[in-house]
Amino acid sequence: MTKKMDFDQARERVDELVTLLDQYSHQYYVLDQPTIPDEEYDRLYRELVELEETYPTLVKNDSPTQRVGGSLLEGFEKVEHDTPMLSLDNAFSKEELIDFDRRVSQLIERPCTYHCELKIDGLAVSLKYEKGKFKQAVTRGDGSVGENVTVNVKAIRSIPLTLKEPVTLETRGEIYMPKSSFVALNQKREEQGEAVFANPRNAAAGTIRNLDPKVTASRNLSVFLYSLAQLDDKEIESQSEALQLLDDLGLKTNPERRVFESIDAVWAFVEEYQEKRTTLPYEIDGIVIKVNELDNQEKAGYTVKAPRWAIAYKFPAEEAETLLRSVEWTVGRTGVVTPTAIMDPVQLAGTTVQRASLHNVDLMKAKDIRLKDTVVVRKAGDIIPEVVKVNKDKRPEDSQPYAYPTHCPACQSELMHLDDEVALRCMNPSCSAQAKEKLTHFVSRNAMNIDGLGERIVAQLYDQSLVKDSADLYYLEKEQLLTLDKIADKSADNMLSAIERSKENSLERLVFGLGIRHVGAKAARLLAEEFITMEQLRKAPKEAIEAIEGLGETVAESIQAFFELEEVDRLIQKLKEASVNMEYKGKRKEEIEQVSSYFSGKTVVITGKLEHYTRDELEQKLTDLGAKVTGSVSKNTDYLIAGEDAGSKLTKAQDLEVPVLTEQQVLEEIDE
Ligand code: IVH
């Protein structure tokens with residue numbers, strides 16, 4: 001048929017086909033209301049492909065055949081956002097929503113209404129259209145600079161390549177993978193022996209950041225747009241009008257949205273969707289509540305991180321029920337014996353869960369947890385699975401109280417339940433499990449930081465009697481390392497040089513590595529700063545330790561008890577003989593007091609996820625610059641440093657009008 005057409009006829013038909021296919025795509029992917037059978041769509045699509053092959057000059061940029069990009073990408077170019085892509089403050093209870101409502105009332109004159117939307121669990125993206133044509137898609141990135149993912153986003157069928165009007169705009173929203181596509185994708189990956197994605201959000205992010213555009217095209221991603229960031233010459237007065245306009249332009253928005261006049265009505269919406277959540281075809285993790293009127297939004301304004309006119313109510317962690325098969329008891333480095341539940345696999349908030357924490361023996365007893373019980377599990381902080389309670393209605397009739405262990409699973413010595421403790425404890429100082437844990441702690445990143453010596457190697461070294469305590473590490477020889485499983489020449493050399501390097505560590509790493517009860521990395525640093533050498537720390541009077549700000553009686557007593565032990569004496573002697581450094585190498589207190597920096601004498605709190613530093617590193621840096629780093633925000637706080645996903649500390653700082661710095665701003669000040 002195409003052969004019979006002349007060029008002009010073909011051009012007309014191509015125009016017609018592109019328009020028709022766009023219209024059908026919109027009905028199918030955006031409105032979820034197909035009007036023609038799939039075969040009819042395929043027939044028209046093939047006709048277009050044939051015409052484009054015959055007359056290549058007729059291929060339009062926004063032809064549906066151009067969605068699937070060709071060759072592999074080399075990487076994603078960085079793009080700065082015209083206006084930053086902010087995040088949202090979180091609320092976790094009705095009270096926190098009422099607080100938000102109160103804050104809003106202080107910022108704007110009533111009346112205002114609230115626009116409630118679902119919080120889609122995907123990844124944020126910004127889309128730009130020029131004169132109605134799709135031009136660019138950029139991920140959120142760090143909020144200021146994101147990655148150009150235009151080629152991949154083009155492959156998402158619910159994102160129109162042409163709008164219904166030739167407008168220029170930027171819109172933002174969430175790209176997500178529907179639950180059913182996620183399940184199917186993981187099933188396929190499992191069959192092919194590939195790693196599965198932890199949840200739909202990871203799957204969506206992994207797909208958008210894939211360097212092969214064909215991968216994005218083959219996976220079913222979709223989008224919900226939730227904001228209109230820029231728009232030429234259109235008058236919009238509210239969030240609801242903005243979303244209506246996006247709809248009218250053919251862009252996909254989420255229909256589950258409503259406007260309310262009171263926070264009570266907002267709460268009813270939250271409760272309604274908390275119920276409906278599992279029945280939705282995509283994952284949501286909360287409700288976003290936005291002041292609806294744009295002039296009111298403007299009055300309420302922004303903090304560095306988030307608008308003051310919006311808040312995200314986060315749903316409580318999802319729970320699931322499953323059967324408890326057994327309990328695994330593990331011995332920690334201080335002898336504490338902790339229980340882990342081994343259960344029938346269950347799907348929980350996007351991952352399969354089979355092990356969950358039971359925390360300690362007292363909690364297990366309080367919950368009366370028994371084998372073959374049906375237990376309720378959830379993810380603490382949405383990450384670590386824990387057993388919440390037993391569903392006693394499902395308890396089998398022959399159920400027996402759990403028989404708690406009386407002896408250490410590693411060394412068989414009798415376990416103690418000390419009066420003031422919730423845990424069981426193995427008191428044997430030469431328990432093999434404790435020794436291995438102690439060694440693993442000694443070599444760990446925040447302690448002596450010996451690369452290449454993980455838990456597995458440490459266990460072998462111990463079991464083969466090559467290493468019994470941490471000082472033995474410094475007497476290891478290459479031939480001995482070569483006897484270990486899977487250790488070849490090169491890795492043995494690497495290990496030895498990592499061990500050698502660790503001899504030069506500053507004192508605080510060694511103090512932390514020794515694993516003294518109640519002495520964490522931060523206390524170790526304060527002690528090293530104060531006493532400078534191991535010798536002086538060992539001799540330090542209790543009062544001198546207690547006098548250090550941030551430490552107290554418990555730490556002081558624990559340190560004294562530690563140094564009174566004969567084996568500790570021997571250990572330190574052995575470390576010294578191996579030339580392990582026993583001096584503090586950081587800035588001395590006097591020097592710190594003298595430096596004059598942006599942070600000198602300031603009280604600082606750090607919250608949220610950091611990108612460039614670990615929490616410890618930043619704390620150390622700020623301390624070196626003369627700051628005092630504390631744990632909670634009060635009116636005495638000079639600065640709050642807020643990373644990603646900052647929570648209640650940020651809200652509190654805002655309430656108290658404590659200045660908030662981003663990690664980037666801190667980096668700049670440190671550089672100065
Ligand atoms: S509005 C300045 N609305 O949640 C306000 N965000 O923590 C920008 N999200 O990064 C966000 N659904 O990726 C908004 N209906 C919705 C949302 C939503 C999901 C995500 C978004 C943002 C994060 C905020």
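Details of the structure are given in the entry above.
Keep in mind that what you see is a predicted model, and the values were worked out from it rather than measured.

J.: Any chance you could break down the overall build of the chain for me, citing the residues and the numbers?
T.: Within the chain, the regular secondary structure consists of 25 helices and 22 strands. Taken along its principal axes, the extent of the C-alpha atoms in the chain is 95 × 60 × 55 Å. Among the 672 residues that make up the chain, the fraction classed as buried is 48%. Here the analysis covers contacts within the chain between residues at least 6 apart in sequence; of these, 67% occur between residues at least 24 apart.

J.: Tell me about the nonpolar core, and please be specific about residues and values.
T.: One finds Leu473, Tyr474, Leu527 and Leu575 to be the most contacted residues of the largest nonpolar core, which totals 57 residues. Of all elements in the fold, only helix H12 (432–443), helix H13 (455–463), helix H15 (489–502), helix H16 (507–513), helix H17 (521–531), helix H18 (534–539), helix H20 (553–564) and helix H21 (566–577) reach the threshold of two or more residues within this core. For this core, the element with the most residues is H17, which contributes six residues. Setting aside chain neighbours within four positions, we find Leu473 in contact with Leu439, Phe442, Val443, Ile450, Leu453, Leu461, Val467 and Ile499.

J.: Give a detailed account of the sheet that holds strand S2 (residues 90–91), specifying residues and quantitative values.
T.: Across the sheet, five strands lie side by side as S2-S11-S10-S3-S9; this open sheet has mixed pairing. The strands lining the two open edges of the sheet, one partner per strand, are S2 and strand S9 (258–260). Where S2 meets strand S11 (residues 310–314), two bridges bridge the pair, whose relative direction is parallel. Within S11, the residue paired with Ala91 across the bridge is Tyr313. Docked against the sheet, helix H3 (residues 94–107) engages S2, strand S3 (114–120), strand S10 (284–291) and S11, running at close to 175° with respect to S11.

J.: Let's hear about the environment of Pro160: which residues, and what values?
T.: Note that Pro160 resides in the loop between helix H4 (150–154) and strand S7 (169–176). For the pair Pro160 and His26, spaced 134 residues apart in sequence, the C-alpha separation works out to 7.5 Å. If we skip the residues at most four places from it in the chain, Pro160 touches Arg67, Tyr129, Phe134, Gly250 and Leu251.

Parameters at a glance
Residues numbered from 1 in each chain as written. Predicted model: local features only at pLDDT ≥ 70, side-chain atom pairs only at ≥ 80, totals over all residues. Heavy atoms only, no water. Helix = DSSP H or I, 4+ residues; strand = E, 2+ residues; numbered from the N terminus. Buried < 20%, exposed > 50% of the residue type's maximum accessible area, 1.4 Å probe, protein only. Contact = heavy atoms within 4.5 Å. Core = buried A, V, L, I, M, F, W, Y, C linked by side-chain atoms within 4.5 Å. Pairing = 2+ DSSP bridges. Axes fitted to C-alpha atoms, helices over the stretch in contact; angles between N-to-C directions.

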